[in-house]
Amino acid sequence: MDLIERLKDSVNTIDGLPVRCLLGYLKPEESFVVYPLPGSKVVRRYYDGIKDQVLNFEFAMKSKDQQKIHQTLWATQSFLEDLEELSSKDGSFDFDGITVTNKPFITNLDDTGYYIFNLDVAIAVTSYK
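Structure report, in brief.

Thresholds, definitions, all that
- Residue indices begin from 1 for each chain and proceed along its sequence in written order.
- For this predicted model, a pLDDT threshold of at least 70 governs which residues receive local features, and a threshold of 80 or more governs which side-chain atom pairs are given and counted, while totals over whole chains, interfaces and linings are taken from all residues.
- The side-chain values count all of the structure's non-hydrogen atoms but skip hydrogen atoms and water molecules.
- Numbering of helices and strands starts at the N terminus; helices are DSSP runs of H or I of at least 4 residues and strands are runs of E of at least 2.
- The cut-offs for exposure are 20% and 50% of the maximum accessible area for each residue type, with area from a 1.4 Å probe on protein chains only; residues under the lower value are buried, those over the upper are exposed, and the others partly exposed.
- Contacts between residues were defined by any pair of non-hydrogen atoms, one from each residue, lying within 4.5 Å.
- Between N-to-C directions, angles cover 0 to 180 degrees, with each direction set by a line fitted to C-alpha atoms, over the stretch in contact for helices.
- Small angles under 35 degrees read as roughly parallel and large ones over 145 as roughly antiparallel, with 65 to 115 read as roughly perpendicular and the rest as oblique.
- Handedness of a crossing is defined here by the sense of rotation of the near helix relative to the far one, left-handed for an anticlockwise turn of less than a right angle and right-handed for a clockwise turn.
- Residues are sorted three ways: Asp, Glu, Lys and Arg are charged, Ala, Val, Leu, Ile, Met, Phe, Trp, Tyr, Cys and Pro are nonpolar, and all the rest, Gly among them, are polar.
- Any two strands with at least two DSSP bridges between them are considered paired.
- In the sections that follow, a salt bridge refers to a side-chain nitrogen of Lys or Arg positioned within 4 Å of a carboxyl oxygen of Asp or Glu.
- Pairs of N or O atoms within 3.5 Å make up the polar contacts considered here, provided that, within protein, one atom can donate a hydrogen while the other can accept it, and that residues adjacent in sequence are counted only when both atoms are side-chain atoms.

### Brief notes about the environment of S10
Line of reasoning, step 1. With respect to the helices and strands, the residue S10 is situated in helix α1 (residues 3-11).
Line of reasoning, step 2. Residue class for S10 comes out buried when judged on its relative accessible area of 12%.
Line of reasoning, step 3. Note: C-alpha distance between S10 and F79 (69 residues apart in sequence) is 9.2 Å.
Line of reasoning, step 4. What S10 contacts, discounting residues up to four positions off in sequence, is F79, L83 and L86.

What follows is the structure, encoded as structure tokens:
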């Protein structure tokens, strides 16, 4: 399923986004990423193998510039709250909706002066074999 790739691509269309979103975990330097979180679940399973699912993802940003983090994550959060369409390129899912489960929040300030903030979402999809 190409859901996380389409999510990343969609966020990267935001005008004026200070940092491009990447897949995976935070890098040693400034970065903005999205990755899956635990707790995703199948809500309904059909006999033909189709599943209604809710999948959890987290956006994280690391920077020494808190203003850049706020600009990036709040723009992302606003964009995602209004997201009505997300299309699979390989036909593996249909987008049913997205919920911002946690607005941007700080999780860490490391010894080198980097701040880390997160933003969590849950995405409802119908997935196909």
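Resuming the write-up.
### Regarding α1
Line of reasoning, step 1. Extensive coverage of α1 is indicated by the burial of seven of its nine residues.
Line of reasoning, step 2. Along α1, the residues classified as buried are L3, I4, R6, L7, K8, S10 and V11.
Line of reasoning, step 3. Buried residues along α1 sit against β1 (22-23), β2 (31-36), β4 (51-63), α2 (66-81), β5 (93-109) and β6 (115-127).

### Brief notes about the packing of α1 against α2
Line of reasoning, step 1. Two numbers describe how α1 lies on α2: the axes approach to 10 Å, and their chain directions differ by 115 degrees. Classified by the angle between their axes, α1 and α2 sit roughly perpendicular to one another. With respect to the hand of their crossing, α1 and α2 are arranged in right-handed fashion. Of the residues in α2, those in contact with L7, S10 and V11 of α1 are T76, F79 and L80.
Line of reasoning, step 2. Residues of the contact of α1 with α2, tallied by class, amount to four nonpolar, two polar and no charged.

### Considerations on the pairing of β5
Line of reasoning, step 1. Here twelve bridges tie β5 to β6, and the two strands are oriented antiparallel to one another. Considered in β6, the bridge of F93 is made with S127.
Line of reasoning, step 2. Count of turn residues in the β5/β6 antiparallel hairpin: five residues, of which G113 carries a positive phi of about 90 degrees.

### Digging into the pattern of salt bridges
Line of reasoning, step 1. In the structure shown here, the tally under the stated rule is five salt bridges.
Line of reasoning, step 2. Across the pair D2 and R6 runs a salt bridge whose closest N-O atoms are separated by 2.8 Å. Both residues of the pair, D2 and R6, count as buried.
Line of reasoning, step 3. Between D9 and K8 there is a salt bridge; the shortest N-O distance is 2.9 Å.
Line of reasoning, step 4. Overall, the relative accessible area of 28% leaves D9 in the partly exposed class.
Line of reasoning, step 5. Taken together, the shared-partner salt bridges in this structure form one network comprising D2, R6, K8 and D9.

### Considering the pairing of strand β3 (residues 41-45)
Line of reasoning, step 1. With respect to burial, β3 is a largely exposed element, only zero of its five residues being buried.
Line of reasoning, step 2. Pairing between β3 and β4: four bridges, direction antiparallel. Looking at the pairing, R45 lines up with K51 of β4.
Line of reasoning, step 3. Turn length for the β3-β4 hairpin, with the two strands adjacent in sequence and antiparallel, is five residues, and the turn residue G49 shows positive phi of about 95 degrees.

### Quick look at the side chain of S63
Line of reasoning, step 1. Assignment of secondary structure puts S63 in strand β4.
Line of reasoning, step 2. Using a relative accessible area of 1% as the deciding quantity, one classes S63 as buried.
Line of reasoning, step 3. Polar side-chain contacts of S63 include one of 2.6 Å to the side chain of E30.
Line of reasoning, step 4. Apart from the residues lying within four places of it in its own chain, the contact partners of S63 are E30, K68, I69, G113, Y114 and Y115.

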